[in-house]
Amino acid sequence: MAIRKKSNKNPPVLSHEFIVQNHADIVSCMAMIFLLGLMFEITAKAAVIFVTLQYNVTIPATEEQSAETLSLYHYGIKDLATIFFYMLVAIIIHAIIQEYVLDKINRKMHFSKTKHSKFNESGQLSAFYLFSCVWGTSILVSENYISDPTSLWRDYPHTLIPFQMKFFYILQLAYWFHAFPELYFQKTKKEDIFRQIVYIGLYLFHIAGAYLLNLTHLGLVLLVLHYFVEFLFHISRLFYFSDERYQKGFSLWAVLFVLGRLLTLILSVLTFGFGLARAEDQQLNFSTGNFNILAVRISVLASICMAQAFMMWKFINFQLRRWREHSSSQPQSVKKKFVTAKGKTSRKERENGINGTVTSNGADSPRSRKDKSS
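The structure displayed is predicted, hence computed values, not measured ones.

**Let's talk about the overall build of the protein**
Regarding its fold elements, the protein presents 11 helices and 3 strands. Sequence-ordered secondary structure for the protein, helices as α and strands as β, is α-α-α-β-β-α-α-β-α-α-α-α-α-α. Pairs at least 24 residues apart make up 72% of the contacts formed inside the protein by residues separated by at least 6 positions.

**Thoughts on the packing of helix 6 (residues 163–185) against helix 7 (residues 190–212)**
Close contact between helix 6 and helix 7 brings their axes to 10 Å; oriented N to C, the two are set at 160°. As the angle between them shows, helix 6 and helix 7 are arranged roughly antiparallel. The handedness of the crossing between helix 6 and helix 7 comes out as left-handed. Residues Lys166, Tyr169, Ile170, Gln172, Leu173, Trp176, Phe177, Ala179, Phe180 and Leu183 of helix 6 pack against Gln196, Ile197, Tyr199, Ile200, Tyr203, Leu204, Ile207, Ala208, Ala210 and Tyr211 of helix 7. Here the residues of the contact of helix 6 with helix 7 sort into 17 nonpolar, 2 polar and 1 charged.

**Let's talk about unusual backbone geometry**
Keep in mind that most residues, glycine aside, have a negative phi and that most peptide bonds are trans. The omega torsion across Tyr156 and Pro157 is 10°, close enough to zero to call that bond cis. Tracing the sequence through the fold places Pro157 in the loop between helix 5 (113–142) and strand 3 (161–162). The residue Asp155 is not glycine, and still its phi comes out positive at about 60°. Structurally, Asp155 can be placed in the loop between helix 5 and strand 3.

**What about the pattern of salt bridges?**
What the rule picks out here adds up to 5 salt bridges. The salt bridge involving Glu17 is made with Lys187; its shortest N-O contact spans 3.1 Å. Taken together, the residues Glu17 in helix 1 (residues 16–21) and Lys187 in the loop between helix 6 and helix 7 connect sequence positions 170 residues apart. Residue class for Lys187 comes out partly exposed when judged on its relative accessible area of 25%. Of the charged contacts in the structure, one is a salt bridge between Lys166 and Asp79, with a shortest N-O distance of 3.1 Å. Of this pair, Lys166 sits in helix 6 while Asp79 sits in helix 4 (residues 79–109); the two residues are 87 residues apart in sequence, bridging distant segments of the chain. Assigned by exposure class, Lys166 and Asp79 land together as buried. A network of salt bridges, in which partner residues are shared, links Asp148, Arg154 and Asp155.

**Re the pairing of strand 2 (residues 70–73)**
The pairing of strand 1 (residues 56–59) with strand 2 spans 4 bridges and is antiparallel. Counted as the bridge partner of Asn56 is Tyr73 from strand 2. Relative to strand 3, strand 2 runs antiparallel, the two sharing 2 bridges. Paired with Tyr73 across the bridge in strand 3 is Ile161.

**Some thoughts on a nonpolar patch on the surface**
Together, Val255, Val258, Leu259, Leu262, Leu263, Ile266, Leu270 and Phe274 line one region of the surface with nonpolar side chains, adding up to about 660 Å² of accessible area. Tracing the backbone shows Val255 in helix 9 (residues 248–275).

**Quick notes on the sheet that holds strand 3**
With antiparallel pairing, the 3 strands of this open sheet are ordered in space as 1-2-3. Only two strands of the sheet have a single partner each, and these edge strands are strand 1 and strand 3.

**Here we look at the environment of Leu294**
Examined against the element boundaries, Leu294 turns out to sit in helix 10 (residues 294–352). You can call Leu294 exposed: its relative accessible area is 55%. Once the C-alpha coordinates of Leu294 and Phe272 are considered, the two residues, 22 residues apart in sequence, prove to be 9.2 Å apart.

**Considerations on the packing of helix 5 against helix 7**
It is the contact of helix 5 with helix 7, at a shortest axis distance of 15 Å, that shows an interaxial angle of 5°. In terms of orientation, helix 5 and helix 7 fall into the roughly parallel class. Residues Glu121, Leu125 and Tyr129 of helix 5 touch helix 7, and the partners they reach there are Arg195, Gln196, Tyr199 and Tyr203. The residue inventory of the contact of helix 5 with helix 7, partitioned by class, reads 4 nonpolar, 1 polar and 2 charged.

Scoring rules and cut-offs
- Residues numbered from 1 in each chain as written.
- Predicted model: local features only at pLDDT ≥ 70, side-chain atom pairs only at ≥ 80, totals over all residues.
- Heavy atoms only, no water.
- Helix = DSSP H or I, 4+ residues; strand = E, 2+ residues; numbered from the N terminus.
- Contact = heavy atoms within 4.5 Å.
- Axes fitted to C-alpha atoms, helices over the stretch in contact; angles between N-to-C directions.
- Parallel < 35°, antiparallel > 145°, perpendicular 65-115°, else oblique.
- Left-handed = near helix turned anticlockwise from the far one by under 90°.
- Nonpolar A, V, L, I, M, F, W, Y, C, P; charged D, E, K, R; others polar.
- Salt bridge = Lys/Arg side-chain N within 4 Å of Asp/Glu carboxyl O.
- Buried < 20%, exposed > 50% of the residue type's maximum accessible area, 1.4 Å probe, protein only.
- Pairing = 2+ DSSP bridges.
- Patch = residues over 30% accessible without salt bridge, like charges linked within 9 Å, V, L, I, M, F, W, Y side chains within 5 Å.
- Areas by Shrake-Rupley, 256 points an atom, 1.4 Å probe, with all protein chains shown as cover.

Okay, structure coming up:
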């Protein structure tokens, strides 16, 4: 993300600069149209599709399961409208954090252009990762997914999910879709666009895959695990920008990153190689949402393994680059100390003589005065 320079001149309406400077206000007006549509009976039916979750299924209460009726949800084509609306909300929140938090810190710290861009990226992502971690962990605890690991594959397909889980996935997809227009709004450099698109695409591919293949339980656990490690990295980078001597956070992140990759692979292999492989119903059925066949299991597991290998490759390159920078900075510091020490001795020698030669002040030395008096 590049630095947005504010000018006193008002750009032409609907020009490139006008849209970039006022994109939050434009998107806010678009979101208000959907909210105002809820107030009128004619437009309420269409506006509800964008604002509220669709495909609600009410399960009546039974004595064996629960004494209250349950409201569960499944996915459908109307979810695209809901994702679009909350994508607009994500753009608005992004602009609020940028203007009222990150820009104020940037003005105080006086970062360079490179640090400014990385600081904004880490600031936005750390806020999102923290929010998603806390929310995802609360869902895991309330649904008892942590205490019972077999719930990751038991009773598959998980076509009906509670409100909190569906809303979580809708917001996840909306946030990562909002990252595409942000490349334009934040004036991302051309050389960084491809890296950002790959980064965003990997998130959308795996989150949408878990949502559409009814693997929401496993997807939620892996997302919370991955987000926690990423949050630690970006919060460590924020502290590093304020004080470059701060390195403890990166060391802790490096350990947890490797453990997170291993735990991701272990849970994935257990789910697809042990749990779903032993399920009784292993026939492809689109009507019931059952995708538990060998080809799908191998494809999903291979996708997860490739993603973990890609992240490990990026991690190793990052650590090697840090090691090279650290090793290259050490000889320079040693050289500076050597030059400083040599400069001090040369000044002392100039006062008392260099390599045994007598300076102009040598005639006034005590030995010369003694020779003259004798």
